[in-house]
Amino acid sequence: MMSRQFQQSWIKWPHVTLSALLIILLCDGLAAWNGDRVLLSDVKVLTLYHGQQTSARRASPIPQMKCVGGTAGCSRFTPEVVQCYNRGSDGYDTQWECKTEMDNDYKFGRIEVSCEGFDYPDDPYILKGSCGVGRE
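In this report, we go over the structure that sits alongside the text. (Residues numbered from 1 in each chain as written. Predicted model: local features only at pLDDT ≥ 70, side-chain atom pairs only at ≥ 80, totals over all residues. Heavy atoms only, no water.)

1. A short note on the side chain of Asp123
Operational definition: Secondary structure elements are taken from DSSP: a helix is a run of H or I of four residues or more, a strand is a run of E of two residues or more, and numbering for both begins at the N terminus. With a 1.4 Å probe rolled over the protein chains alone, any residue whose accessible area is under 20% of its type maximum counts as buried; one over 50% counts as exposed, and the rest are partly exposed. By the counting scheme adopted, Arg and Lys are positive, Glu and Asp are negative, and His together with the chain ends is not counted. By convention in these notes, a salt bridge is any Lys or Arg side-chain nitrogen within 4 Å of a carboxyl oxygen on Asp or Glu. In protein, a polar contact means a hydrogen-donor-capable atom and an acceptor-capable atom, both N or O and within 3.5 Å, with residues adjacent in sequence counting only if both atoms are side-chain atoms; elsewhere, any N or O pair within 3.5 Å suffices. Here a residue-residue contact requires only that any non-hydrogen atoms of the pair lie within 4.5 Å.
Mapped onto the elements of the fold, Asp123 is located in the loop between strand E6 (111-114) and strand E7 (125-127). Here Asp123 is buried and forms no salt bridge, its nearest opposite-charge partner Arg37 lying at an N-O distance of 5.3 Å. A distance of 2.9 Å separates a polar side-chain atom of Asp123 from the backbone nitrogen of Asp119. Each residue touching Asp123, except ones within four places of it in the same chain, is listed here: Gly117 and Phe118.

Right under this line is the structure:
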């Protein structure tokens, strides 16, 4: 027969174990979640692929590359890979220079890189993999 003192400590043990397990899982989940949080100004280069989608957390994924018109049209040339380099800031927005391999007959017109803010739209931290480029 178990002593009353042993029975009481045995009953408390599962609660302590369960609480510790929940704390460990919660901390592990938060660490993984914040691992996808990146300061936009720290991003030096983006490599974007035709036919691939961005990562998304607060919004829906979008294509990594999207043609939005221009004089060349969208069907005449579609790059497979585009690399965009962070060239600093104008004080308001990050300035990007995007390059791809293409014939001299073509050149990018206006480009716009957009990324999903991690916690809110203009968050200086972005979700890793959430950037896409719109090109003319």
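2. Thoughts on the sheet that holds strand E2 (residues 45-49)
Condition: Two strands qualify as a pair provided that DSSP identifies no fewer than 2 bridges between them. Only the stretch in contact is used when a helix axis is fitted, and all axes are lines through C-alpha atoms; the angle between N-to-C directions ranges over 0 to 180 degrees.
Taking strand neighbours across the sheet as the criterion, the three strands line up as E2-E4-E5 in an open arrangement whose pairing is antiparallel. On the outer flanks of this sheet lie E2 and strand E5 (94-99), each paired with one strand and no other. Going across the sheet, the axis of each strand differs from the next one's by a mean of 30 degrees, ignoring polarity. Direction of pairing for strand E4 (residues 81-89) relative to E5: antiparallel, over a ladder of five bridges. Residue pairing across strands places Ser89 opposite Thr94, the latter belonging to E5.

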